Every structure is written in structure tokens, then in C-alpha cells.
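# Tertiary structure, described
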Amino acid sequence: MKEGVFHVEHSAEREDSVGKIVAVANQKGGVGKTTTAVNLSACVAALGKKVLIVDLDPQGNSTTGYGISKRSVEMGTYEVLIGEAPARDAIRKTNYRADVLPSNTRLAGAGLELIDLPGRESRLRKGLAPIQQDYDYIFIDCPPSLDLLTLNGLCACDSVLIPIQCEYYALEGLSELISTLKTVRRKYNSYLDIEGVVFTMYAGRYNLTLQVVEQVQKYFGDKVYQTTIPRTIRISEAPSYGQPINYYEPKGKGSEAYMDLAIEFVKRNRPRDPQPHRRRNRPAKTEASAKTPQKE
Ligand SMILES: Nc1ncnc2c1ncn2[C@@H]1O[C@H](COP(=O)(O)OP(=O)(O)OP(=O)(O)O)[C@@H](O)[C@H]1O
Ligand SMILES: [Mg+2]
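On a predicted model such as this, the values are computed, not experimentally measured, just so you know. (Residues numbered from 1 in each chain as written. Chains lettered and ligands numbered in written order. Predicted model: local features only at pLDDT ≥ 70, side-chain atom pairs only at ≥ 80, totals over all residues.)

## Quick word on helix α7 (residues 148–156)
α7 sits mainly inside the fold: nine of its nine residues count as buried. Of the residues making up α7, those classed as buried are Leu-148, Leu-149, Thr-150, Leu-151, Asn-152, Gly-153, Leu-154, Cys-155 and Ala-156. (Buried ≥ 20, exposed ≤ 12 C-beta atoms within 10 Å, placed from the backbone. Helix = DSSP H or I, 4+ residues; strand = E, 2+ residues; numbered from the N terminus.)

Structure, rendered in C-alpha cells:
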């Protein structure tokens, strides 16, 4: 991986954080995307922001992580993507302040179905547009791949939050992710930026962890969050109770870490910070010629 930060040069200052869409993505499996999407969204909501989480993964883990049974989902991300339901009708309220656009296994077939639909890479963006202004932040939990579902997430979002697990293979695939982001930016979504990089399941005392951190910081610079998420049993238990960590164990280490991350996230998004922001309702770029970026 070459040094240097993926950076968007824009003179426009963002107006405010209303309707900012953040995709939580890393095609590597099991790095803490869902855990971060669920707990960060719940903590940002606990700070008083209006938050929606979009479950873009057929595994439906962020749906169950918010206590929604996948079997109960009659309308969800799948229906929104294929145009069978408006997002407003598919969004579910939860007991944890944040709303959820849930998924179920029907989403697994969406990748194939989308191929033949017009504007296949921008269906999520279009689907979310009518409700975007209802929220301060919309988090998208992406699946562990760089397929058409993830491409929809990347085309819909303003920025990408990348969770990285500090283990031996952590850097594997990061170059591919970065080059995908660059391609998406060039072809479909010129405002796409990196929101931040967060270390998950962090155990600071090991040499390996420190080496991974050093490498990632060299590349991403100040995009790396100061907050790191420790590995805790409670964080891994919380989804089986259908609760974000700040409800499952409000005073624990995991909850504290995700709350710190939420504070750091919101601070970075303060309107006075000059950051690029996508103009709302900008016209979609050409869709007919859509290709999945990794095939380039
Ligand atoms: N900080 C943590 N402490 C302990 N366990 C964790 C932590 N973060 C994640 N896990 C556990 O690691 C596993 C993978 O996490 P998670 O499902 O969030 O990853 P993911 O990137 O969304 O996976 P996938 O690629 O399959 O979507 C889960 O069992 C989760 O409970
Ligand atoms: Mg996941």
C-alpha cells in the first residue's frame, strides 16, 4: 500500500450535518463493521442526533442487533432497492432512539436482480433521498464484499467509515478497498470521502497491534480516530440480546469506547469544520454504463 491519504479536494464547506450518509465498509469479513454500525449509530442517537441505520447486508446482523427479528421484516432494504417499497414505509422504529431500515435474506438475491435494473448502482441513493432530510446521520452497514450491494452503499454515501481489526491480515485488501473508493469517486460519486478509520478489537500492548496501527496511521494520517474499540465479551454478547452496547451495559468499557467514538465522530462533523459535503439532490451520474469497479 502506497503512502498518502485518499483525499477529496473541494472548496465548498459543508452546510451542516443534516442527512449525512456514512457507509461502514471493509470487504474483509468479521472486522467489526456491523458492531460499529450498530453501536456507533446508537451512541450518536444517544447524543441527541436523529439517526437511521440501513442494513445492507443479507446476513441482517444489524437488524437483529437492534432487536428486530429478521423473520418479521416484510419490507426492508431489498424492497427499497428494487423499488417495491418507499424507504419511509420500510423504516422501523426501535427502543434505542435510532431507526432501522432492516434487511432479511431476500437481500441475498438482490445482487443478481439489480444487474438488470436501470441505475443499478444508485438505487439505494434514490431510495434514501426522500427520507434523507429526516435524519442527521444515516449509517449503512455494508456486507463483506465489493459487489453491487456495497457499490450501492458507496454511491449513496457522503463518506466511508472503515473499521480495521488489528491482526496479522488487517492490511490485506485495504489497497483494493482504496482503489475501489477511488473508482467510485471518479465514476459515480465525486463527493465520496473517507470519514475515518477505527481500530476494533484493539489490544494495544501487543507488538503486532502496534505495527498495524503504525502502518495504518502512515497511510490514513488524521483520518484515524483517536478512540479505539477494545475487545470485550459484553460487546460480543449484546447482539444476542438485541441491544446496542450503550443499553446492554451502559457503564462498561465497550459502551464507553463507542460513546467516545460517537463524540469524536460528531465533533469532526461540526458545521464549522471545513469539510467537503455533497450537495443535496445533486443529479445522479450516468447509470446505464455502470460496471462494478473491481472489474476495471
Ligand atoms: N470490540 C469487540 N469485542 C469483542 N467482540 C467483537 C468486537 N467487535 C466485534 N466483535 C465480534 O466479532 C465478530 C465480527 O464482528 P462483526 O459482525 O461486527 O464484523 P463484520 O465486519 O460486520 O462481519 P461481516 O463481514 O460478516 O459482516 C462478531 O462475533 C462480533 O460480536
Ligand atoms: Mg457485518
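The discussion continues.
## Quick notes on helix α8 (residues 174–187)
Here α8 is 14 residues long and its end C-alpha atoms lie 20 Å apart, about the 20 Å a rise of 1.5 Å per residue gives. Listing the buried residues of α8 in full gives Leu-174, Leu-177, Ile-178, Thr-180, Leu-181 and Val-184. Mapping the buried residues of α8 onto a view down its axis gives an arc of 160°, with all of them on the same face. Turned more than 90 degrees away from the buried face of α8, the exposed residues are Ser-175 and Arg-186. (Expected span 1.5 Å × (residues − 1). Arc of directions from axis to C-beta.)

## Some remarks on the environment of Gly-196
Mapping Gly-196 onto the fold places it in strand β6 (residues 193–200). The spacing of Gly-196 and Val-160 is 36 residues in sequence and 7.0 Å in space, taken between C-alpha atoms. In this structure Gly-196 touches Leu-161, Lys-223 and Tyr-225, once residues within four positions along its chain are discounted. (Contact = placed C-beta atoms within 7 Å.)

## Overview of the nonpolar core
Burial of nonpolar side chains together is a common tendency in soluble globular proteins. With 84 residues, the main nonpolar core has Ile-140, Leu-154 and Leu-261 as its most contacted residues. Not counting the four nearest positions on each side in its chain, Ile-140 is found in contact with Ile-21, Ala-23, Val-24, Val-54, Leu-56, Gly-153, Ala-156 and Cys-157. (Core = buried A, V, L, I, M, F, W, Y, C linked by C-beta atoms within 7 Å.)

## Overview of the site of ligand 1
With respect to spatial proximity, 18 residues lie near ligand 1, and among them Lys-33, Thr-34, Thr-35, Pro-144 and Ser-236 are the closest. Among the elements of the structure, α1 (33–46) and α10 (233–237) are those that each provide at least two residues to the shell around ligand 1. For the shell around ligand 1, the leading source of residues is α1, giving three residues. Along the lines of polarity and charge, the residues of the shell around ligand 1 split into five nonpolar, 10 polar and three charged. (Near = placed C-beta within 6 Å. Nonpolar A, V, L, I, M, F, W, Y, C, P; charged D, E, K, R; others polar.)

## Overview of the pairing of strand β5 (residues 159–165)
Here β5 lies mainly inside the structure; seven of its seven residues are buried. Here β5 shows no split at all, with Ser-159, Leu-161, Pro-163 and Gln-165 on one side and Val-160, Ile-162 and Ile-164 on the other all buried. Across three bridges, the pairing between strand β1 (residues 20–24) and β5 is parallel. Among the inter-strand pairings, Val-24 is bridged to a residue of β5, identified as Leu-161. (Pairing = 2+ DSSP bridges.)

## Some points on the packing of α1 against helix α12 (residues 253–268)
At their nearest, the axes of α1 and α12 sit 8 Å apart, and the two run at 65° to each other. One finds that α1 runs roughly perpendicular with respect to α12. As for the relative orientation of α1 and α12, their crossing is right-handed in sense. Seen from α1, the contacting residues are Asn-39, Leu-40, Cys-43 and Val-44; seen from α12, they are Tyr-258, Met-259, Leu-261, Ala-262, Phe-265 and Val-266. The class makeup of the residues in the contact of α1 with α12 is nine nonpolar, one polar and no charged. (Axes fitted to C-alpha atoms, helices over the stretch in contact; angles between N-to-C directions. Parallel < 35°, antiparallel > 145°, perpendicular 65-115°, else oblique. Left-handed = near helix turned anticlockwise from the far one by under 90°.)

## A few points about the environment of Ser-72
In this structure, Ser-72 sits in the loop between α2 (61–65) and α3 (77–82). For Ser-72 and Asn-104, which are 32 residues apart along the polypeptide, the C-alpha to C-alpha distance reads 8.9 Å.

## Observations concerning the environment of Ser-240
Within the element layout of this structure, Ser-240 appears in the loop between α10 and α11 (245–248). Ser-240 sits in the exposed class, given 10 other C-beta atoms within 10 Å. Linking Ser-240 and Tyr-66, residues 174 residues apart in sequence, is a C-alpha distance of 9.7 Å.

## Details of the sheet that holds strand β3 (residues 99–101)
The six strands lie next to each other as β3-β2-β4-β1-β5-β6, forming an open sheet whose pairing is parallel. At either end of the open sheet lies a strand with only one pairing partner, and these are β3 and β6. The average undirected angle you get between the axes of adjacent strands in this sheet is 20°. Where α1 meets the sheet, its contacts fall on β1, β2 (51–55), β4 (137–141), β5 and β6, and the angle it forms with β4 comes to roughly 165°.

## A closer look at the pairing of β1
Across the five residues of β1, five count as buried, placing the element largely inside the fold. With burial as the criterion, each face of β1 is covered, one bearing Lys-20, Val-22 and Val-24 and the other bearing Ile-21 and Ala-23. Bridging between β1 and β4 involves five bridges; their strand directions are parallel. By the bridge assignment, Ile-21 is partnered in β4 with Ile-138.

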